[in-house]
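Chain by chain, the residues:
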Amino acid sequence: MKKFLLLILTLILTVNSGFAMSSLKMDKLIKSSGLTDTATLAVSVRSADSGNVIYQNNAKKLLHPASVLKIFTTYAALDTLGYDYEFKTQFYKFGDDLYIKLGADPMLNTIQLKSAFNELKAQGRTSFKNLYFDDSIIDKKEFSQGWMWDDDISPYTPKVSSYNLDGNVIAVSLSPSSNGMMSVNTKSKYPMSVISYIKSDSTIDNLDMSRYNWINPDVVEVYGMVNKTKSFNIPVSNMRKYFIYNVEQALDESKIQITNTAYASKLVPDNAELLTEISNPISKTIAPILQYSNNLMAETVYKVAASKKFEATGTDYLAGIMFNEFYKKHGIDTDGIIIKDGCGVSRNNLFYADWMTTALAKLYKMGGFEKFREYMAQAGDGTLYNRLYDLRGEAWLKTGSLSNISAISGYVKSEDGHTYAVAVLIQNFTQKQSEIKRLEDDIIQVIYGK
């Protein structure tokens, strides 16, 4: 009996000393980073199976979550929508009028739009008196509370609305011209002007854009020096205008006539006849959200889920209620955090690392969570394409980046076979993002056991 008790005590001491050694290594790594005096670095590690705390540093400090928020908003949205949800853009006839019921489909493109009108033509639908848009699925706030004004020109944060089309961006390419400048080309015929002040330079590769909405939102100025032909995206300024422009192009090509071109917004009548529809599965948005951090898809899924849950126009406010209800239902208190959008772009979001690992541990034990986890990025995927190569198959993580903010969160399966819920939040630093990302990777490696 004494030998048995001694063996148990030895095992306990061995496990505890292993955690202590990891904690000491983590403390040393954080201290040597040089961030503790000026920046804020928060780390929380829990056992995914038991939920027990393994390591914490500043884990109760409220910080910006950046895009790691997408893990938690997307999971809550999928709980409402389900993996079999279909975004639908539907075409109805009522009397002599055509109604397009928008589904805020973030995957909808102009090719699909043209195909739908060709289908109407094939049905013999050649003319309508009025064309109405039912845009009631989500609200008209194209930017969420706390988004920055200069996000307007960032291709990574396009506006979000019921009129989502072509990712809400216009593809543009640069090519050298004879005068040493770079010419701008685009396949889109949308009436937008791009003024290029870009020079060709063999050593410098820097590009910047400006748009002065208070002067003319359809004029974009591009500055910088680039060393090769390259492509980039310009966010659409007015999505309803862009959508209508492409609808008119599709009407012309299919030779369908609309008598009144006022194009008002109006709900589809209850007894309207469904003529055709465009459908795209939500399953195709999950990997782009979790691996590539697609903000348009994340914000749209979040608001559309609120629309379905409350049978009302989807808003960030209603989505926040959905979020809180989901996590409180599973025993996770949300009173101490602030959520203002579904993608993590808002500077008004405030979370703490301990909340994240608590939620991750709870999610880990939910039925069907394995399916969700497989959509998360591993080394070589998405935003982890050049990070943590030796941990592929051992870590499932979501990254986050804003100006002077960086984060990583998810799951790490350690050398000893244990799975840990992890959250690292870093903000108010002046170092390069690449340096902070290397520190995050070092933290993940310590958790793994290296």
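Residues numbered from 1 in each chain as written. Predicted model: local features only at pLDDT ≥ 70, side-chain atom pairs only at ≥ 80, totals over all residues. Heavy atoms only, no water.

Visitor: Summarise the packing of aromatic side chains; cite the residues concerned and give the values.
Guide: Summed over the entire model, instances satisfying the criterion amount to 26 aromatic pairs. Relative to Phe-243, the ring of Tyr-163 has its centre 5.6 Å away and its plane inclined at 70°; by these criteria the two rings are edge-to-face. With Tyr-163 in the loop between strand 5 (127-134) and strand 6 (169-176) and Phe-243 in helix 4 (residues 239-254), this residue pair connects regions lying 80 residues apart in the sequence. The exposure class of Tyr-163 is buried, given its relative accessible area of 5%. Note on Phe-243: relative accessible area 0%, which makes it buried. With a centroid separation of 5.8 Å and an interplanar angle of 35°, the aromatic rings of Phe-369 and Phe-372 are classed as tilted. Here Phe-372 and Phe-369 lie together in helix 9 (residues 369-373), a separation of 3 residues that amounts to about one turn. Under the relative-accessibility criterion, Phe-372 is labelled buried at 0%. (Phe/Tyr/Trp six-rings, centres within 6.5 Å; stacked < 30°, edge-to-face > 60°. Helix = DSSP H or I, 4+ residues; strand = E, 2+ residues; numbered from the N terminus. Buried < 20%, exposed > 50% of the residue type's maximum accessible area, 1.4 Å probe, protein only.)

Visitor: Could you give an account of the sheet that holds strand 10 (residues 219-226), with specific residues and numbers?
Guide: Read from one edge to the other, the open sheet built from 3 strands follows the order 8-10-9, with strand pairing classed as mixed. Across the chains shown, the open sheet's two edge strands, defined by having one partner strand only, are strand 8 (193-200) and strand 9 (206-211). Pairs of neighbouring strands in the sheet enclose a mean axial angle of 10°, with direction left out of account. Relative to strand 10, strand 9 runs antiparallel, the two sharing 6 bridges. If you follow Leu-207 over to strand 10, its bridge partner there is Gly-224. (Pairing = 2+ DSSP bridges. Axes fitted to C-alpha atoms, helices over the stretch in contact; angles between N-to-C directions.)

Visitor: Could you give an account of the packing of helix 6 (residues 295-310) against helix 7 (residues 316-329), naming the residues involved and the relevant values?
Guide: It is the contact of helix 6 with helix 7, at a shortest axis distance of 8 Å, that shows an interaxial angle of 80°. When the axes of helix 6 and helix 7 are compared, the pair comes out roughly perpendicular. Contacts between helix 6 and helix 7 pair Glu-299, Tyr-302, Lys-303, Ala-305, Ala-306, Lys-309 and Phe-310 from the former with Asp-316, Leu-318, Ala-319, Gly-320, Ile-321, Met-322, Phe-323 and Glu-325 from the latter. Residues of the contact of helix 6 with helix 7, tallied by class, amount to 9 nonpolar, 1 polar and 5 charged. (Parallel < 35°, antiparallel > 145°, perpendicular 65-115°, else oblique. Contact = heavy atoms within 4.5 Å. Nonpolar A, V, L, I, M, F, W, Y, C, P; charged D, E, K, R; others polar.)

Visitor: Account for the pattern of salt bridges, naming residues and giving values.
Guide: Inspection of every chain in the model, using the stated rule, returns 19 salt bridges. Among the salt bridges present, the one from Lys-101 reaches Asp-134, with a minimum N-O distance of 3.5 Å. Here Lys-101 is found in strand 4 (residues 97-101), whereas its partner Asp-134 is found in strand 5, with 33 residues between them in sequence. In this structure, Lys-159 and Glu-142 form a salt bridge, with 3.7 Å as the shortest nitrogen-oxygen distance. Taken together, the residues Lys-159 in the loop between strand 5 and strand 6 and Glu-142 in the loop between strand 5 and strand 6 connect sequence positions 17 residues apart. You can call Lys-159 buried: its relative accessible area is 12%. Assessed through its relative accessible area of 25%, Glu-142 is described here as partly exposed. Among the charged side chains, a salt-bridge network with shared partners connects Glu-142, Asp-152, Lys-159 and Arg-211. (Salt bridge = Lys/Arg side-chain N within 4 Å of Asp/Glu carboxyl O.)

Visitor: Help me get a handle on the environment of Asn-238, residues and values and all.
Guide: Structurally, Asn-238 is set in the loop between strand 11 (230-235) and helix 4. Note on Asn-238: relative accessible area 34%, which makes it partly exposed.

Visitor: Lay out the nonpolar core in plain terms, naming residues and giving numbers.
Guide: Counting residues in each nonpolar core, the largest one holds 62 residues, and the members touching the most others are Phe-72, Phe-323, Tyr-327, Trp-355, Leu-363 and Tyr-411. Setting aside anything within four residues of it in sequence, one finds Phe-72 in contact with Phe-323, Tyr-327, Trp-355, Met-356, Ala-359, Leu-360, Leu-363 and Ser-409. One finds Leu-113, Phe-133, Phe-232 and Phe-243 within the second-largest nonpolar core, a separate group that totals 42 residues. (Core = buried A, V, L, I, M, F, W, Y, C linked by side-chain atoms within 4.5 Å.)

Visitor: Break down the packing of helix 3 (residues 110-122) against helix 4 for me, with residues and values.
Guide: For the pair helix 3 and helix 4, interaxial distance at closest approach is 9 Å and the crossing angle is 40°. Comparing the axis directions of helix 3 and helix 4 gives the class oblique. At the point where helix 3 passes helix 4, the crossing takes the right-handed sense. Only Tyr-242, Phe-243, Asn-246, Val-247, Ala-250, Leu-251, Glu-253 and Ser-254 of helix 4 make contact with helix 3, whose side of the interface consists of Thr-110, Leu-113, Lys-114, Phe-117, Asn-118 and Lys-121. Of the residues in the contact of helix 3 with helix 4, the class split is 7 nonpolar, 4 polar and 3 charged. (Left-handed = near helix turned anticlockwise from the far one by under 90°.)

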